[in-house]
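Fold and contact review
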Amino acid sequence: MRSRPLALISGKDVLAAGGAESYVRAHALAAAAIGFEPHIFCASSTSRVEMTDFGVIHRVIAPNRRTPPVIMQVPLAAHLPPLARAAAKFLASRPGPHLIHSFAFYATAGVAASRALARHGVHAVPVASAYATRAYEIGIMKDGMSPYQGVADRLRWRAWARWVRSVDNAIEGWGYARSRVVLVNYQSVERLLVRPYG
């Protein structure tokens, strides 16, 4: 019997160093250990598929990730549609029902992929893992800036924080509200999500 595919939408390249990246890798390893076939979707400047010890990485072409001068980076919202389309296209050719596990802000891509599949009669359940809100994370980094980092850097971080509050909050809240389950490791994270999103 073939393993059932599990789509994990991380957004970030899981081969990079970092806490979020290793967290997704751990989920993929755990899923493989209980019989799933993990397929991890991440934004990239190239489109390619790579086999690893913890699953299959699907790199999806997304808007340029280089740092623009004003808002620090391409808005993550621009990465959501290509990731959702790639996950839905991959799962559509396989018998369901499916599970789509998205991480943090990318919960919105998981929900969008499940809805795209539903329009073609394929059932997929979106779940999400959350660490905090985007506004909380960016606010902590902005507030932690040193006066020695210069006025221009502080203005860029302030503009980025304003973008997150005015644009990303609504997108992030939509994804969490429409996921079947939102997984958190701590009650403090639950409180961070409930405060802005209910």
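Now for a look at the structure at hand. This structure is a prediction, so every number in the text was calculated from the model and none was measured. (Residues numbered from 1 in each chain as written. Predicted model: local features only at pLDDT ≥ 70, side-chain atom pairs only at ≥ 80, totals over all residues. Heavy atoms only, no water.)

**What about the sheet that holds strand β1 (residues 4-11)?**
- Here we have 7 strands laid out as an open sheet, ordered β3-β4-β2-β1-β5-β6-β7, and mixed in their pairing. Two strands close off the open sheet at either side, each with one partner strand: β3 (48-52) and β7 (181-183). Adjacent strand axes in the sheet meet at a mean angle of 25 degrees when their direction is disregarded.
- Sheet topology note: the β1/strand β2 (residues 36-44) ladder contains 7 bridges and is parallel. Bridge pairing links Gly-11 to Cys-42 in β2. (Pairing = 2+ DSSP bridges. Helix = DSSP H or I, 4+ residues; strand = E, 2+ residues; numbered from the N terminus. Axes fitted to C-alpha atoms, helices over the stretch in contact; angles between N-to-C directions.)

**Re the nonpolar core**
- The biggest cluster of nonpolar side chains holds 21 residues, and the ones touching the most others in it are Ile-9, Phe-41, Leu-83, Ile-100 and Leu-117.
- Where this core is concerned, the elements lending two or more residues are β1, α2 (80-92) and α3 (107-118).
- With 7 residues, α2 is the largest single contributor of residues to this core.
- For Ile-9, the contacting residues outside a window of four places in its chain are Phe-41, Leu-83, Ala-87, Ile-100, His-101, Ser-102, Phe-103, Tyr-106, Ala-109 and Gly-110.
- Val-24, Ile-40, Phe-54 and Phe-103 belong to the second-largest nonpolar core, a separate cluster that totals 11 residues. (Core = buried A, V, L, I, M, F, W, Y, C linked by side-chain atoms within 4.5 Å. Buried < 20%, exposed > 50% of the residue type's maximum accessible area, 1.4 Å probe, protein only. Contact = heavy atoms within 4.5 Å.)

**Observations regarding the pattern of salt bridges**
- Going through the model one piece at a time under the given rule, you end up with 3 salt bridges.
- With a shortest N-O distance of 4.0 Å, Glu-50 and Arg-48 are connected by a salt bridge.
- The class for Glu-50 is partly exposed, based on a relative accessible area of 25%.
- A salt bridge links Glu-50 to Arg-59; its shortest N-O distance comes to 2.6 Å.
- Overlapping salt bridges, with partners in common, bring together Asp-13, Arg-48, Glu-50 and Arg-59 in one network. (Salt bridge = Lys/Arg side-chain N within 4 Å of Asp/Glu carboxyl O.)

Everything listed here is a matter of coordinates, which is why it stays silent on function.
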